[in-house]
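Spelled out, the chains give:
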Amino acid sequence: MTKPVLTVTLNPALDLTVSLSTLHAGEVNKAQAGSLRAAGKGINVAAVLKDLDHTVTATGFLGENNHAQFQDFCEQKAVDNRFLFIPGATRINVKISEVGGRVTDVNLPGLNVPASYWQLLKDNLVPLAKQCSAVVLAGSLPPGLQQNAYAELIHLLKDCDVPVVVDTSGEALLAAVAAKPALIKPNVHELEVFTGQPVTNQQQLLAAGKKLIADGIANVVISDGEKGCYWLTENRIVKAVPPLMDVVSTVGAGDSLVAGLTHCLVNKTALPEGLQLACAVSAHAVEQVGVGILSAERLQQILELVRVEDLSGSL
Ligand SMILES: Nc1ncnc2c1ncn2[C@@H]1O[C@H](COP(=O)(O)OP(=O)(O)O)[C@@H](O)[C@H]1O
Ligand SMILES: O=P(O)(O)OC[C@H]1O[C@](O)(COP(=O)(O)O)[C@@H](O)[C@@H]1O
């Protein structure tokens, strides 16, 4: 039996998605539909990995006042639930989804993590990770944690012989990169913040990616919304471009890409096939509210329409 993937969600969220035709800011808006789902980056990654047939263990922090939906999620998806409960309520993030695909996100800071619970999470991490095939650290850091929190976890995981995948932003990403995880997945905006340089074309994007490779990150994947994604390694650069999709909501596209990339790392799927699959998984996410593989047939249809390009010549 294959080993599970461990996902770590330090700052989960209940995503309140409201769908309306057009958002009028500053006015009373009537929504057509709404839903509240267990989410946050690592949880979305866990959901997609399950659909890609991985066993998954999930840890992180949940507020003890409103964890039912997360517990249900783990039960329904058969995810091994190793969350720690902390005082208070998990944040609710609001996603306003308009016809035509525009999404307005309102994300709260999250629940304060007391120092004793952070220590407990770190104490539990290594024994869990030693049984796993990969560890995914994903999402923003909640109040109470230092910006080097992911870097600390990466250092702890060095003894476990598992690839560590990181998806975060800002200072947390900066500190994490210095600790050298196996794979990072910034989007273009996160890359601009990281480098302090504009990334407005492919040349600038590749230059920033190559700098990260030179800094010792083995796999740098840069996502650029509907324009697709790039996977850079020391000796290869591959680009994947998704087909034109009917967008329902782009929330969770990045997390789905991370799940697809983790799947490829664990299965040692070669490039360019790996990026083609991960790109298809992420494009499939925009056809739905939430994340997941709705059917293997649909994923296959999208996969066949993803264009891959080898840019290794520009190394
Ligand atoms: N409108 C879209 N149509 C098709 N695929 C998309 C679309 N938006 C995102 N994707 C896919 O999802 C990936 C991640 O999206 P992106 O918006 O870059 O990530 P993040 O959510 O982290 O900002 C993209 O690289 C692409 O493969
Ligand atoms: O941890 P952060 O950065 O605040 O992001 C949390 C939000 O991002 C999501 O995980 C979606 O992320 P992506 O759209 O980047 O895949 C939401 O479910 C959640 O509300």
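Up top you'll find the structure we're talking about.
In this convention, every chain numbers its residues from 1, walking through the sequence in written order. In the order they appear in the text, chains get letters beginning with A and ligands get numbers beginning with 1. Totals for whole chains, interfaces and linings use all residues, but because this is a predicted model, local features are given only for residues with pLDDT of at least 70 and pairs of side-chain atoms are given and counted only at 80 or more. To get the side-chain values, take all heavy atoms of the structure and skip hydrogens and water.

Draft legend 1. Layout of the overall build of the protein. The helix count covers DSSP runs of H or I at least four residues long, the strand count covers runs of E at least two residues long, and both are numbered beginning at the N terminus. From N to C terminus, the protein includes ten helices and 15 strands. Computed over the C-alpha atoms, the radius of gyration of the protein is 19 Å, within 12% of the 20 Å expected from 2.2 N^0.38 for a compact globule of 315 residues. Oriented by its inertia axes, the alpha-carbon framework of the protein measures out at about 55 × 50 × 40 Å. Put simply, the protein has 315 residues, and 54% of those count as buried. Working rule for contacts: check all heavy atoms of both residues, and any pair within 4.5 Å makes them a contact. Considering only contacts in the protein between residues 6 or more positions apart, those separated by 24 or more positions represent 69%. Throughout, the Shrake-Rupley method with a 1.4 Å probe supplies accessible areas, and for residues the shown protein chains are the sole cover considered. Counting every atom, the protein has about 13,900 Å² of accessible surface; 52% of that belongs to carbon and sulfur. Only four residue types enter the charge count: Lys and Arg as positive, Asp and Glu as negative, with His and the chain ends excluded. In plain terms, the charge of a residue is placed at NZ if it is Lys, CZ if Arg, CG if Asp and CD if Glu. One finds the centroid of the 23 positive side-chain charges in the protein at a distance of 3 Å from the centroid of its 30 negative side-chain charges. Each radius of gyration reported is based on C-alpha atoms, and the globular scaling rule is 2.2 Å times the count of residues to the power 0.38. Three labels apply to residues, based on accessible area from a 1.4 Å probe with only protein chains included: buried if under 20% of the type maximum, exposed if over 50%, partly exposed otherwise in between.

Draft legend 2. A look at the site of ligand 1. Neighbouring residues are identified by heavy atoms, a residue being near a molecule or strand if any of them is within 4 Å of it. The local shell around ligand 1 holds 18 residues, among which Asn187, Ser223, Gly225, Gly228 and Ser282 are the closest. Polar contacts here mean pairs of N or O atoms no more than 3.5 Å apart (in protein, one a potential hydrogen donor and the other a potential acceptor; neighbouring residues in sequence count only if both atoms are side-chain atoms). At 2.8 Å, a side-chain N or O of Asn187 approaches an oxygen atom of ligand 1. The backbone of Gly228 places a nitrogen or oxygen atom 2.9 Å from an oxygen atom of ligand 1. For ligand 1, whose free accessible area comes to 550 Å², the fraction covered by protein is 84%. Judged by the proximity of its atoms to the pocket grid, ligand 1 belongs to the largest pocket. At the level of elements, helix 8 (253–267) and helix 9 (273–285) are the ones that each hand at least two residues to the shell around ligand 1. The method works on a 1 Å grid over the protein atoms by themselves. A cavity is a set of points holding a 1.4 Å probe that cannot get out, a pocket is an open set with protein on both sides within 12 Å along at least five of seven lines, and residues with an atom within 4 Å of a point line them. Think of it this way: a molecule belongs to a cavity or pocket when more than half its atoms come within 2 Å of the grid points there.

Draft legend 3. The arrangement of the layout of surface pockets in detail. If you add up the space inside the largest pocket, you get close to 1,200 Å³. If you trace the largest pocket, you find 44 residues lining it, with Asn187, Thr250, Gly252, Ala253 and Gly254 closest to the centre. The greatest single-element share of the lining of the largest pocket, amounting to four residues, is contributed by helix 8. For this scheme, ten residues count as nonpolar: Ala, Val, Leu, Ile, Met, Phe, Trp, Tyr, Cys and Pro. Four count as charged, namely Asp, Glu, Lys and Arg, and the remainder, Gly too, count as polar. Residues of the lining of the largest pocket, tallied by class, amount to 16 nonpolar, 17 polar and eleven charged. Grid points are joined across faces, edges and corners, and a volume is the space filled by probe spheres set on the points. Taken as a whole, the second largest pocket spans an internal volume of roughly 240 Å³. What lines the second largest pocket is simply Leu36, Arg37, Ala38, Ile43, Asn44, Ala47, Gln69, Asp72, Phe73, Gln76, Lys77 and Val291. Mapped by element, the contributors of at least two residues to the lining of the second largest pocket are strand 3 (33–39), helix 1 (41–51) and helix 2 (68–77). Ranked by the residues each element gives to the lining of the second largest pocket, the list is headed by helix 2, at five residues. Here the lining of the second largest pocket is composed, by residue class, of six nonpolar, three polar and three charged.

Draft legend 4. Fine view of helix 4 (residues 149–157). What helix 4 keeps buried is the set Ala149, Tyr150, Ala151, Leu153, Ile154 and Leu157. Buried residues belonging to helix 4 abut strand 1 (5–9), helix 3 (115–129), strand 9 (134–138), strand 10 (164–167) and helix 5 (170–178).

Draft legend 5. Molecular detail of the sheet that holds strand 8 (residues 103–106). If you walk across this open sheet you meet the four strands as 3-2-7-8, and the pairing is mixed. Two strands bound the open sheet, and with one partner strand each, they are strand 3 and strand 8. In this sheet, neighbouring strand axes are inclined to one another by 20° on average, regardless of whether the strands run parallel or antiparallel. Think of each axis as a best-fit line through the C-alpha atoms, taken over the contacting stretch in the case of a helix, with angles from 0 to 180 degrees between the N-to-C directions. Along the sheet, helix 2 makes contact with strand 2 (13–20) and strand 3, crossing strand 3 at roughly 75°. For two strands to be treated as a pair, DSSP must find at least two bridges joining them.

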